[in-house]
Amino acid sequence: MSDRITGTTVLTGLLGSPVAHSISPLMHNASFAALGLDYAYLCFDVGTDRLKEAVEGLRAMGARGWNLTMPDKNLMCQLADKLSPASEISGAVNTIVNDDGVLTGYTTDGTGYMRAAEEAGFPLPGKVMTLLGGGGAATAILVQAALDGMKEIRVFNRKSPTFDRLSAIAGQLNRRTDCLVTVHPLEDTEDLRASIADSDILTNATNIGMAPHTDACPIPDASFLRPELIVSDIIYNPRQTKLLQMAKETGCPFFNGLYMLLYQGAASFELWTGREMPVELIKEKYFAE
């Protein structure tokens, strides 16, 4: 990348913590190079305690935009000047576009997830989902899946201030879509077991099981699974989490978060540059199993 840096190079990047594991710089910088764009993408380890000052710095420096990952997606929603409809409902932002100092927040996680599911062979409209998590990615998936026509989504999250926010989002989606959305405490394992038993797909949208804590799992054990259940995990490092290992051993079809990352990144790329990311090139270079 160093031979492409000039005095006019446009800055994009990723804010979150941790970010050292991210492959976003690889795929964005390869895409910039392939299209001959004078842009660069860097990672910045910034938690919520320093997010506001980091955002003001990037705004002042004229950065074109940036992505947000855990734990920054919800707070960024409050710091943006304008929000897309999906970000407004979900209360989460994973992409910022800076237009002359005006920061517009978008959430591309949900569209990335739905496209990844379809590419894996599992179109989700009309299906029932058990969704684990209440953070930025989880709410983005929840909102987009409801908007795209899922029949029912049962969200499980720990009892916390986030729980009340999820309940409010569920109320909005129940009024604005035909999808039935309910919110449940993750601590109620019997309710969780019953929901999974009656679902078409189980989706882990938490960071439980992400490197370096690869022994962790969001469900108690493999008895919660059955061979007909589709299991997905938005984590991509490791590519096969403990949850997905359980799914494989049980005979469940499953997919990880790699293509969600790819397609949410492709949407961000287009928002910043007005060009389509060369996704087939990126798949070949970085997403081959």
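Source: prediction; values computed, not measured.

Comments concerning the layout of surface pockets
Taken as a whole, the largest pocket spans an internal volume of roughly 420 Å³. Considering the residues around the largest pocket, the lining is formed by 27 residues, among which Thr 69, Met 70, Lys 73, Tyr 236 and Leu 261 are closest to the centre. Those elements that place two or more of their residues in the lining of the largest pocket are β3 (65-68) and α10 (258-273). With 3 residues, α10 is the single largest residue contributor to the lining of the largest pocket. Residue composition of the lining of the largest pocket, by class: 14 nonpolar, 11 polar and 2 charged. In this model, the second largest pocket occupies a volume close to 300 Å³. Of all elements in the fold, only α3 (73-79), α6 (136-147) and β8 (152-157) reach the threshold of two or more residues within the lining of the second largest pocket. For the lining of the second largest pocket, the element with the most residues is α6, which contributes 3 residues. Class assignment for the residues of the lining of the second largest pocket results in 9 nonpolar, 9 polar and 3 charged.

Some remarks on the UniProt feature "binding site: shikimate" (unreviewed entry) in the chain
The residues that UniProt annotates with the feature "binding site: shikimate" (unreviewed entry) are Ser 22, Ile 23, Ser 24, Thr 69, Asn 94, Asp 109, Tyr 236 and Gln 264. Restricting the annotated residues just mentioned to those that line the largest pocket leaves Ser 22, Ser 24, Thr 69, Asn 94, Asp 109, Tyr 236 and Gln 264. Checked against the element boundaries, Ser 22 lands in the loop between β1 (10-16) and α1 (24-35). With relative accessibility at 11%, the residue Ser 22 sits in the buried group. Setting aside its immediate chain neighbours within four residues, Ser 22 contacts Leu 14, Cys 43 and Tyr 236. Counting through the fold element by element, Asp 109 comes out in helix α5 (residues 109-119). Note on Asp 109: relative accessible area 5%, which makes it buried. The residues contacting Asp 109, other than those within four sequence positions of it, are Lys 73, Asn 94, Ala 137, Ala 140, Met 260 and Gln 264. A distance of 3.2 Å separates polar atoms of two side chains, one belonging to Asp 109 and the other to Asn 94.

A short note on helix α8 (residues 189-197)
Since the α-helix packs 3.6 residues into each turn, any two residues three or four apart lie on the same face. Those residues of α8 that sit buried are Leu 192, Ser 195 and Ile 196. Along the axis of α8, the buried positions cluster into a sector of 95°, meaning they face one direction only. Summarising the geometry of α8, the exposed residues directed more than 90 degrees from the buried face are Glu 190 and Ala 197. If you follow the buried residues of α8, they end up packed against β7 (128-132), β8 and β10 (201-204).

What to know about the packing of α1 against helix α11 (residues 279-287)
Following both chains from N to C, one finds α1 and α11 inclined at 135°, their axes separated by 10 Å at the closest point. Considering their axes alone, α1 and α11 lie oblique with respect to each other. As α1 runs across α11, the sense of the crossing is right-handed. Residues Leu 26, Met 27, Ala 30, Ser 31 and Ala 34 of α1 form the contact with α11, whose participating residues are Leu 281, Ile 282, Lys 285, Tyr 286 and Phe 287. Class assignment of the residues belonging to the contact of α1 with α11 gives a composition of 8 nonpolar, 1 polar and 1 charged.

Parameters and conventions
- Residues numbered from 1 in each chain as written.
- Predicted model: local features only at pLDDT ≥ 70, side-chain atom pairs only at ≥ 80, totals over all residues.
- Heavy atoms only, no water.
- 1 Å grid on protein atoms, 1.4 Å probe; cavity = no way out; pocket = protein on both sides within 12 Å on 5 of 7 lines; lining within 4 Å.
- Points joined across faces, edges and corners; volume = space filled by probe spheres on them.
- Helix = DSSP H or I, 4+ residues; strand = E, 2+ residues; numbered from the N terminus.
- Nonpolar A, V, L, I, M, F, W, Y, C, P; charged D, E, K, R; others polar.
- UniProt positions renumbered as here; feature names shortened; annotations may be inferred.
- Buried < 20%, exposed > 50% of the residue type's maximum accessible area, 1.4 Å probe, protein only.
- Contact = heavy atoms within 4.5 Å.
- Polar contact = N/O pair within 3.5 Å; in protein donor to acceptor, adjacent residues only side chain to side chain.
- Arc of directions from axis to C-beta.
- Axes fitted to C-alpha atoms, helices over the stretch in contact; angles between N-to-C directions.
- Parallel < 35°, antiparallel > 145°, perpendicular 65-115°, else oblique.
- Left-handed = near helix turned anticlockwise from the far one by under 90°.

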